[in-house]
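Residue-level structure breakdown
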Amino acid sequence: MAKRKVDTENRGFQTRWESEYMFTKVAGKPVCLLCGESVAVLKEYNLRRHYETKHADKNKNMDMEQRLQKAEELKRGLKSRQALFKKAKSQGQAAVKASFILAEEIAKSARPFTEGDFIKNCMIKVCDEVCPEKRQLFLNVSLSRNTIAERVDQLSINLKEQLVKKGKDFIAYSLAVDESTDISDIAQLSIFIRGVDSNLSVTEEFLALRPMHGTTTGHDLYEEVSRCVNEMELPWEKLVGLTTDGAPAMCGHRSGLVAKIREKMQEENATGELTAYHCIIHQEALCFTALKMEHVMSIITRTVNFIRAKGLNHRQFKAFLTELETEHGDLPYHTEVRWLSQGKVLQRCFELREEICLFLDSKGKDTTQLRDEMFLCEMAFLCDITSHLNAINLQLQGRDRVISDMYSTVKAFKTKLTLWETQMRKENLSHFPSCQTMKEKLSTSAFPSTQLADKIGMLAADFRRRFADFEAQKSRLELLGNPFAVDVESSPPNLQMELIDLQCNDALRAKYAAVGAAEFARFLPGTMPQLRIQAAQTLSMFGSTYLCEQLFSLMNLNKTSHRSRLTAEHLHSILRISSAQSLTPNIDELVEKMGHHQVSPSTSNK
């Protein structure tokens, strides 16, 4: 015979028990109003036995009306104590939540953990002036260095747990990997993930920053990346793409990271093939070297350094420009690491070319090269072409970039290069304003249009060479970019029937026109599973390592010469919080996990 289950008997609390036995119901359980004890099973016998055993002598001389009054008084007292407890509990939770919120802001703003003490002192001073009666509430918010460090770690763990949970729904994902060195000369490996779930929603988030204290060979990089993938519990067969900075340790044919991951996928019997890309932005910047105009840049760099390197020269040059009432009041520096700075330096030097020569003359420097007509024409050309290269560089930057859109941008630029080469040979300088300025100051025969057209041809050839791996994936990228223009016959057989259905569907064609290529994939119906998988794989691909480069900038903001002893764990936590895009820490959940812990003022002031 099965045991009786009290919970299923639906026993109800009767109001008369309050006066007869001095019991009330709290959170579904009978609680004695006299001693606060609760009775496990809601039965009148149990309540009567408790009352007669422990309290019968105290109330034996009371009549029913007196019992009712006393029961009401005791109930009011109990409610008052409960309200006080709830208030204290609520205030404690608020103090803990506030410390989490401020810890998140400190991490995002790259401030040291000790800023918490400064913020708290400011809060207390403001409170003393605005609402002194609430001083204790502000004192209860713990913002000590150790507390902030602990909160930052907890926020980071929460974000990672959310990412792991999302990762279980990915049907395709790709990785972006890059390596740099921090202020302490420790190699840091940055890894980002871009995953797509069954709804074709894209998640692009920071995966890990791994310090590498020893060598940074392809095997070392593979070990770290492999560990990250396994920690995330991601299946290797769903890995679609890997984008790197193109270094030998990343792309070596035998022992590079790409080769090692391909070996791992074969061991795991993954059916798909890994697509490896060299960062589009990096390659675009490297194409500049094809122009072979280092002699122009070296003269300009030397000139800028002469003016900027010495404080006296710099001050005198700025005063000189002010005296001449020029549009610009200074010259910027050029840094090779910052690719966009080159265009700014060239543009400013070209606009101030006459003023620079006058200033150098006053300093007794030789300006023969700077006044040479051929040099000025080459500088004008370099200024214009760098401006165009910077424009495409900016177009390729940013988060949540779809690789098919990035490919279209590069393809458009290659077409522009062909047009510019043709126009330059005909001395049509419509898209080269600096060259146009120089041509107007020179005789037509003196402008080297043929030589400069050859330079554009060399640049176009280098673009074709460097982006050959993207050309190999052309049909795959165009399938996402514009599936309605894809030739069905040349498409893979497993997609042909679905492509015909798609291209003949007027409603889907209208939806594509309304939302664009990147969003359209989410509207592909479930009756087109092969197209959805293909779209998911392409959407998951990284076109560049922009996010890794951006992370290194954040790393350098946080780990400075003043914070060089920042631990790897804390740096990792800070960067996860500050780089989070689609994920936000669940602070309410963290407060709940803290067990409603309320920090005392004495603890928070330590």
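Procedures and definitions
- Residues numbered from 1 in each chain as written.
- Predicted model: local features only at pLDDT ≥ 70, side-chain atom pairs only at ≥ 80, totals over all residues.
- Heavy atoms only, no water.
- Helix = DSSP H or I, 4+ residues; strand = E, 2+ residues; numbered from the N terminus.
- Buried < 20%, exposed > 50% of the residue type's maximum accessible area, 1.4 Å probe, protein only.
- Contact = heavy atoms within 4.5 Å.
- Axes fitted to C-alpha atoms, helices over the stretch in contact; angles between N-to-C directions.
- Parallel < 35°, antiparallel > 145°, perpendicular 65-115°, else oblique.
- Nonpolar A, V, L, I, M, F, W, Y, C, P; charged D, E, K, R; others polar.
- 1 Å grid on protein atoms, 1.4 Å probe; cavity = no way out; pocket = protein on both sides within 12 Å on 5 of 7 lines; lining within 4 Å.
- Points joined across faces, edges and corners; volume = space filled by probe spheres on them.
- Pairing = 2+ DSSP bridges.
- Disulfide = S-S within 2.5 Å.
- Salt bridge = Lys/Arg side-chain N within 4 Å of Asp/Glu carboxyl O.

1. Section: the side chain of threonine 244
Tracing the backbone shows threonine 244 in strand E6 (residues 239–244). For threonine 244, a relative accessible area of 0% corresponds to the buried category. Contacts of threonine 244, omitting those with residues within four sequence positions, involve Val177, Met250, Cys251, Tyr277, His278, Cys279 and Thr545.

2. Remarks on the packing of helix H11 (residues 294–309) against helix H16 (residues 373–396)
Interhelical geometry of H11 versus H16 gives an angle of 95° and a closest axis separation of 10 Å. The angle between H11 and H16 falls in the class roughly perpendicular. Contact with H11, carried on its side by His295, Val296, Met297, Ile299 and Ile300, involves Phe375, Glu378, Met379 and Leu382 of H16 and no other residues of that element. A class-by-class count of the residues in the contact of H11 with H16 yields seven nonpolar, one polar and one charged.

3. Notes on the packing of helix H22 (residues 493–503) against helix H25 (residues 529–539)
As a packed pair, H22 and H25 sit with axes 8 Å apart at the nearest point and diverge in direction by 100°. Considering their axes alone, H22 and H25 lie roughly perpendicular with respect to each other. When H22 is examined against H25, the residues Asn494, Leu495, Glu498, Leu499 and Leu502 are found in contact with a partner set consisting of Pro529, Gln530, Leu531 and Gln534. Partitioned by chemical class, the residues of the contact of H22 with H25 number five nonpolar, three polar and one charged.

4. A short note on empty space enclosed by the protein
The method is simple in principle: a probe with the dimensions of a water molecule rolls over the atoms, and the space it marks as empty is what remains. Throughout the structure, instances matching the rule amount to six cavities of 30 Å³ or more. The computed volume of the largest cavity comes to approximately 110 Å³. For the lining of the largest cavity, the secondary structure elements donating two or more residues are helix H21 (474–481), helix H24 (517–520) and H25. Broken down by element, the residue count for the lining of the largest cavity peaks at four residues, all from H25.

5. Re the sheet that holds strand E5 (residues 202–212)
Pairing in this open sheet of five strands is mixed, and the strands run E5-E4-E3-E6-E7 from one edge to the other. Bordering the open sheet on either side are E5 and strand E7 (275–278), each of which pairs with just one other strand. Averaged over all pairs of adjacent strands, the angle between their axes in this sheet comes to 20°, without regard to strand direction. Looking at chain direction, E6 and E7 are connected through four bridges and run parallel. Pairing of glycine 241 across the sheet is with threonine 275, part of E7. Together, strand E3 (170–181), E6 and E7 form the strand contacts of helix H9 (residues 257–267), whose direction differs from that of E6 by roughly 170°.

6. Some remarks on unusual backbone geometry
Here glutamate 233, not a glycine, exhibits a phi torsion of approximately 60°, which is positive. For glutamate 233, the position within the fold is in the loop between helix H7 (218–231) and E6. Given the relative accessible area of 52%, glutamate 233 is considered exposed. Here the phi dihedral of asparagine 269 falls at roughly 60°; this positive angle occurs in a residue that is not glycine.

7. As for the state of the cysteines
In total, this model carries zero disulfides according to the counting rule given. Looking at cysteine 377, it has no disulfide partner, and the nearest cysteine sulfur is the one in cysteine 435, 7.5 Å off. Cysteine 383 forms no disulfide, and the closest cysteine sulfur to it belongs to cysteine 435, at a distance of 8.5 Å. Overall, cysteine 383 belongs to the buried group, its relative accessible area being 1%.

8. Re the pattern of salt bridges
Counted by the stated rule, this structure contains 23 salt bridges. Measuring nitrogen to oxygen at the nearest pair gives 3.2 Å for the salt bridge that ties glutamate 104 to lysine 108. With glutamate 104 and lysine 108 both in helix H3 (residues 64–108), this residue pair falls four residues apart, about one helical turn. Aspartate 361 is the partner of arginine 371 in a salt bridge, and the nearest nitrogen-oxygen pair spans 2.5 Å. Of the two residues, arginine 371 sits in helix H15 (residues 368–371) while aspartate 361 sits in helix H14 (residues 353–362), which places them 10 residues apart along the sequence. Accessibility expressed as a relative area gives 42% for arginine 371, which makes it partly exposed. Looking at aspartate 361, the relative accessible area reads 36%, which means it is partly exposed. One connected set of salt bridges, linked through shared partners, spans Lys160, Arg210, Glu224, Arg227 and Glu231.

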